[in-house]
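Architecture and fold: a report
In case you want the letters, here they are:
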Amino acid sequence: MDSLSLLELLEDEFVDEKGFAKRKVDLNHCLQLIGELKSSLPGCLKEALQIISNKQQILHNADCVAKNTIATAEQKARHLVSDSETMQLAQQEAKKIVSRAVIQRDVLIDKTKTHLETMFDETEQFLLGLLSMVRKNRQELRSVAFN
């Protein structure tokens, strides 16, 4: 069961249909839900770490693509050098290819950064929501009087 569902079940233990705190709370069920919630949170954290790992891999791949493109351009330039005029044309073409490769790499890096920033923002908002809900539930638990 996901973290949000667990938090909703936990909230249901403390709050009735009208939004008021319940007088009787099944503490064993609450403790069970809290245990399940603790178990599910490492999954969220693992997912965040996987996002970071993916970012590194994407940046590495973009760099490799750019380096391969540059290497291909340099190789192409060496093959085009047969005489002075061909050499000048080859150098111009190589510079264009290298320039396009650098631009392509920069675009890929910018897109990756933007995508990862969005994913981090969403993950942060989700975790802040969970934290807020846990704090709210803790406050409500403290305010419940047991007879």
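The sections below set out a description of the structure shown in this document.

Here we take up the overall build of the chain. Assigned secondary structure in the chain consists of three helices and zero strands. Along the chain, helices (α) and strands (β) appear in the sequence α-α-α when read from the amino end. Expected size for 147 residues packed as a compact globule is a radius of gyration near 15 Å; at 28 Å, the chain overshoots this value by more than 25%. Relative to its 147 residues, the chain shows a buried fraction of 21%. In the chain, of all internal contacts separated by at least 6 residues, the share reaching a separation of at least 24 is 67%. Roughly 10900 Å² of accessible area belongs to the chain as shown, and the carbon and sulfur atoms make up 55% of that amount.

Taken as a whole, this structure holds four salt bridges when the rule is applied. The salt bridge partner of Glu11 is Lys136, with a shortest N-O separation of 3.5 Å. Here Glu11, found in helix H1 (residues 3-14), pairs with Lys136, found in helix H3 (residues 84-143); they are 125 residues apart in sequence, far enough to count as distant. Among the salt bridges present, the one from Asp106 reaches Arg105, with a minimum N-O distance of 3.1 Å. Of the residues examined, Asp106 reaches a relative accessible area of 35% and is grouped as partly exposed.

When a protein is soluble and globular, its nonpolar side chains tend to lie buried together. Counting residues in hydrophobic clusters, the biggest one holds 10 residues: Leu6, Leu7, Leu10, Phe14, Val15, Val25, Cys30, Leu33, Leu37 and Leu130. Put simply, the parts of the chain that give this core at least two residues each are H1 and helix H2 (27-80). Per-element accounting of this core gives the leading share, four residues, to H1. What Val15 contacts, discounting residues up to four positions off in sequence, is Phe20, Ala21, Lys22 and Glu140.

Once that is clear, we can look at the environment of Lys95. Inspection of the secondary structure puts Lys95 in helix H3. Residue classification places Lys95 among the exposed positions, given a relative accessible area of 62%. Remark: the alpha-carbon pair of Lys95 and Glu8, spanning 87 residues in sequence, is separated by 59 Å.

What follows is about a negative patch on the surface. Together, Asp2, Glu8, Asp12 and Glu17 give the surface a local cluster of negative charge. In this structure, Asp2 sits in the segment before H1.

Considering the arrangement of structural elements, one finds Ile70 in helix H2. Residue class for Ile70 comes out partly exposed when judged on its relative accessible area of 23%. Distance from Ile70 to Met133, taken between C-alpha atoms, is 52 Å for residues 63 residues apart in sequence.

Take the side chain of Asn137 next. Secondary-structure assignment places Asn137 in helix H3. We classify Asn137 as buried; its relative accessible area is 4%. Apart from residues lying up to four places away in sequence, Asn137 is in contact with Leu7, Leu10 and Glu11.

What counts and what doesn't
Residues numbered from 1 in each chain as written. Predicted model: local features only at pLDDT ≥ 70, side-chain atom pairs only at ≥ 80, totals over all residues. Heavy atoms only, no water. Helix = DSSP H or I, 4+ residues; strand = E, 2+ residues; numbered from the N terminus. Rg over C-alpha atoms; globule rule 2.2 N^0.38 Å. Buried < 20%, exposed > 50% of the residue type's maximum accessible area, 1.4 Å probe, protein only. Contact = heavy atoms within 4.5 Å. Areas by Shrake-Rupley, 256 points an atom, 1.4 Å probe, with all protein chains shown as cover. Salt bridge = Lys/Arg side-chain N within 4 Å of Asp/Glu carboxyl O. Core = buried A, V, L, I, M, F, W, Y, C linked by side-chain atoms within 4.5 Å. Patch = residues over 30% accessible without salt bridge, like charges linked within 9 Å, V, L, I, M, F, W, Y side chains within 5 Å. Lys, Arg positive; Asp, Glu negative; His and termini not counted. Charge placed at Lys NZ, Arg CZ, Asp CG, Glu CD.

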